[in-house]
Amino acid sequence: MNDIQNQDDLYKVVDEFYQKLLADEAISYIFTDVVKVKLEEHLPILVSFWSQSILGTGGYFNNLTQIHLDVNAKSYLSKELFEIWLHHFENAIDENYQGINCERMKNQAHNLSTIMQIKIAKEKDGKM
């Protein structure tokens, strides 16, 4: 298997990741009922984020933390939901690619998950 090398590779990972999320009843409601994600609009944004993060291309300008805090305000994003998210994310990568960029991407996903959970907990405790 090849490593993730370009935006087409990232699109494949992100698309498969969302197919997994939407097929999992334990988490799909976040994307179908709470946020009502339109994949044709959302996937290019995610590809832009990962491309900037992994390939250094730039182009992502959204506030990732605030987006997740806004979702959390509508429906609590629990540790279990983040674990499901990470599971599907890693599987979408591992089923298609292997290499340093893949490992960087998985590590960053874990870091983002941890940061988001800390921010959600601080907001819940009124410390933000």
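This text goes with the structure placed above it.
The structure displayed is predicted, hence computed values, not measured ones.

Draft legend 1. Representation of the pattern of salt bridges in the model. A complete count under the given rule lists four salt bridges for this structure. In this structure, the salt-bridge partner of Glu 83 is Lys 79, at a minimum N-O distance of 2.9 Å. Here Lys 79 and Glu 83 lie together in helix H5 (residues 79-94), a separation of four residues that amounts to about one turn. Accessibility expressed as a relative area gives 40% for Glu 83, which makes it partly exposed. Judged by its relative accessible area of 48%, Lys 79 is partly exposed. Residue Lys 106 is joined to Glu 103 by a salt bridge in which the shortest nitrogen-to-oxygen separation is 3.0 Å. Pair noted here: Lys 106 and Glu 103 are both in helix H6 (residues 100-124), with a separation of three residues, about one helical turn. Looking at Lys 106, the relative accessible area reads 9%, which means it is buried. Classification of Glu 103 by relative accessible area gives partly exposed; the value is 39%.

Draft legend 2. Region of interest: helix H4 (residues 64-74). Among all positions of H4, only Leu 64, Leu 69, Val 71 and Asn 72 are buried. The buried residues of H4 all sit within an arc of 160° when viewed along its axis, so they share a single face. Residues Ala 73 and Lys 74 are exposed on H4 and point more than 90 degrees away from its buried face. Considering only its buried residues, H4 is in contact with helix H2 (28-34), helix H3 (39-55) and H6. Here H4 starts with a cap whose side-chain oxygen sits 3.2 Å from the backbone nitrogen of Thr 65, and that cap is Asn 63.

About the cut-offs
- Within any chain, residue numbers begin from 1 and follow the written order of that chain's sequence.
- Where totals are concerned, whole chains, interfaces and linings use all residues; where local detail is concerned, this predicted model gives features only for residues with pLDDT of at least 70, and gives and counts side-chain atom pairs only at 80 or more.
- The side-chain quantities take in all heavy atoms of the structure and omit both hydrogens and water.
- For salt bridges, the criterion is a side-chain nitrogen of Lys or Arg within 4 Å of an Asp or Glu carboxyl oxygen.
- Secondary structure elements are taken from DSSP: a helix is a run of H or I of four residues or more, a strand is a run of E of two residues or more, and numbering for both begins at the N terminus.
- For every residue, the accessible area (1.4 Å probe, protein chains only) is compared with the maximum for its type, and the residue is labelled buried under 20%, exposed over 50%, or partly exposed between those bounds.
- Directions pointing from the helix axis toward each C-beta atom define the arc.
- Contact between two residues is taken to exist if any of their heavy atoms lie within 4.5 Å; hydrogens are not considered.
- N or O atoms within 3.5 Å of each other form a polar contact, as long as, within protein, one can give a hydrogen and the other can take it, and as long as residues adjacent in sequence are counted only when both atoms are side-chain atoms.

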